[in-house]
Amino acid sequence: MKKELQNPFPDGNCFFCGSNNNSGLKLKFYWDEEKKEISTDYLPARHFAGQGSILHGAIQMGLLNEIMGWASYTFTGKMAVTSDINVKFLKPTYINGEKINITCKVTSREGLKIKMHAKLFNIKGTACTEAKGTYHIISSEKYRDIIQ
């Protein structure tokens, strides 16, 4: 069963998940205990098109990066920053008035490094884009210094 996750970002201004960002996507993230994964759904806005009706690759990468950040926080209870991310575009992701689904699983943790695998699916459940990333866990103090 999925459980909605509370947003750990106090100002609510994040482009992807901030509830106070009027230009943002306002994504909500969910933890599925049975699947051991984080997920979100998103209805792509028409103005995020790249060529034709394909969802721009940068938006896809941002969605995958964001969910990995949420997964690392959920798994560790600490903020983390992206160390590296490798994205593969498998099939076009079309903006067609239907929601897409993004999921992420933690694959390993070694000290302050956490590795994850995220996927973006179309409405039919076909994986269109995937990413593998490594995030570096940081202290609360370092996080405060970074966002200042």
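Okay, so let's go over this structure. As the structure is a prediction and not an experimental result, all values here were calculated from the model. Within every chain, residues take consecutive numbers counted from 1 along the sequence as written. Given that the model is predicted, a residue must reach a pLDDT of at least 70 before its local features are reported, and side-chain atom pairs must reach 80 or more before they are shown or counted; all residues, however, enter totals for whole chains, interfaces and linings. Note that the side-chain values use all heavy atoms of the structure and ignore hydrogens as well as water.

1. Focus: the overall build of the chain
For clarity, the threshold we go by: The way it works is that DSSP assigns letters per residue, a run of H or I at least four long becomes a helix, a run of E at least two long becomes a strand, and they are numbered from the N terminus. Our radius of gyration looks at C-alpha atoms and nothing else; its globule reference is 2.2 Å times the residue count to the power 0.38. The cut-offs for exposure are 20% and 50% of the maximum accessible area for each residue type, with area from a 1.4 Å probe on protein chains only; residues under the lower value are buried, those over the upper are exposed, and the others partly exposed. Any two residues whose heavy atoms approach within 4.5 Å at even a single point are treated as in contact.
A count of helices and strands for the chain gives 2 helices and 7 strands. A compact globule built from 148 residues would reach a C-alpha radius of gyration of about 15 Å, and the chain, at 15 Å, matches this within 12%. Its C-alpha atoms give the chain principal-axis dimensions of roughly 45 × 30 × 30 Å. Per-residue burial for the chain yields a buried fraction of 38% across its 148 residues. Within the chain, contacts between residues separated by at least 24 positions form 62% of all contacts whose residues are at least 6 apart in sequence.

2. Description of the packing of aromatic side chains
This is how the line gets drawn: Only the six-membered ring of Trp is used, alongside the rings of Phe and Tyr, when aromatic pairs are assigned; centres must lie within 6.5 Å, and planes under 30 degrees apart are stacked while those over 60 apart are edge-to-face, with the rest tilted.
Per the counting criterion, the structure on display carries 3 aromatic pairs. On the basis of an interplanar angle of 80° and a centroid distance of 5.0 Å, the ring pair of Phe-15 and Phe-16 is categorised as edge-to-face. Judged by its relative accessible area of 14%, Phe-16 is buried. Between Phe-15 and Phe-48 the ring centres are 6.3 Å apart and the planes differ by 90°, which places this aromatic pair in the edge-to-face class.

3. Let's talk about the pairing of strand 3 (residues 37-42)
When a strand is regular, its side chains alternate between the sheet's two faces. Filter applied, for reference: What makes two strands pair is DSSP finding at least two bridges between them.
Extensive coverage of strand 3 is indicated by the burial of 5 of its 6 residues. Relative to strand 3, strand 2 (residues 30-32) runs antiparallel, the two being bridged by 3 bridges. Its bridge partner lying in strand 3, Trp-31 is registered against Ile-38. Sheet topology places strand 3 next to strand 5 (residues 100-110); 5 bridges connect them, and they run antiparallel. Within strand 5, the position partnered with Ser-39 by the bridge is Thr-103.

4. What to know about the pattern of salt bridges
Short version of the rule: For this analysis, a salt bridge means a side-chain nitrogen from Lys or Arg found within 4 Å of a carboxyl oxygen belonging to Asp or Glu.
Summed over the entire model, instances satisfying the criterion amount to 2 salt bridges. Across the salt bridge formed by Lys-28 and Glu-4, the nearest N and O atoms sit 3.7 Å from each other. One end of the pair, Lys-28, is in the loop between strand 1 (2-4) and strand 2; the other, Glu-4, is in strand 1, and 24 residues separate them in sequence. By relative accessible area, which is 46% here, Lys-28 ends up partly exposed.

5. With respect to the side chain of Thr-103
Looking at the secondary structure, you find Thr-103 in strand 5. For Thr-103, a relative accessible area of 10% gives the class buried.

6. Considerations on the environment of Cys-128
Considering the arrangement of structural elements, one finds Cys-128 in strand 7 (residues 127-137). Beyond its immediate stretch of four places on either side in the chain, Cys-128 contacts Lys-88, Phe-89, Leu-90, Lys-91, Pro-92, Thr-93, Leu-120, Phe-121 and Asn-122.

7. Here we look at helix 1 (residues 57-76)
Given 3.6 residues per helical turn, the α-helix brings residues three or four places apart onto the same face. The following threshold applies: One less than the number of residues in a helix, times 1.5 Å, gives the span that helix is expected to have.
In this model helix 1 runs 29 Å from its N-terminal to its C-terminal C-alpha over 20 residues, within 8% of the 28 Å that 1.5 Å per residue would give. Among the structural elements, strand 3, strand 4 (80-89), strand 5, strand 6 (113-121) and strand 7 are those in contact with the buried residues of helix 1. Just past helix 1, the residue Gly-77 takes up positive phi, approximately 75°.

8. Brief notes about the state of the cysteines
The criterion, for reference: In what follows, a disulfide is any cysteine sulfur pair within 2.5 Å.
What the rule picks out here adds up to 0 disulfides. Here Cys-14 stays free of any disulfide, with the sulfur of Cys-17 as its closest cysteine sulfur at 3.6 Å. Among the residues examined, Cys-14 registers a relative accessible area of 22% and is labelled partly exposed.

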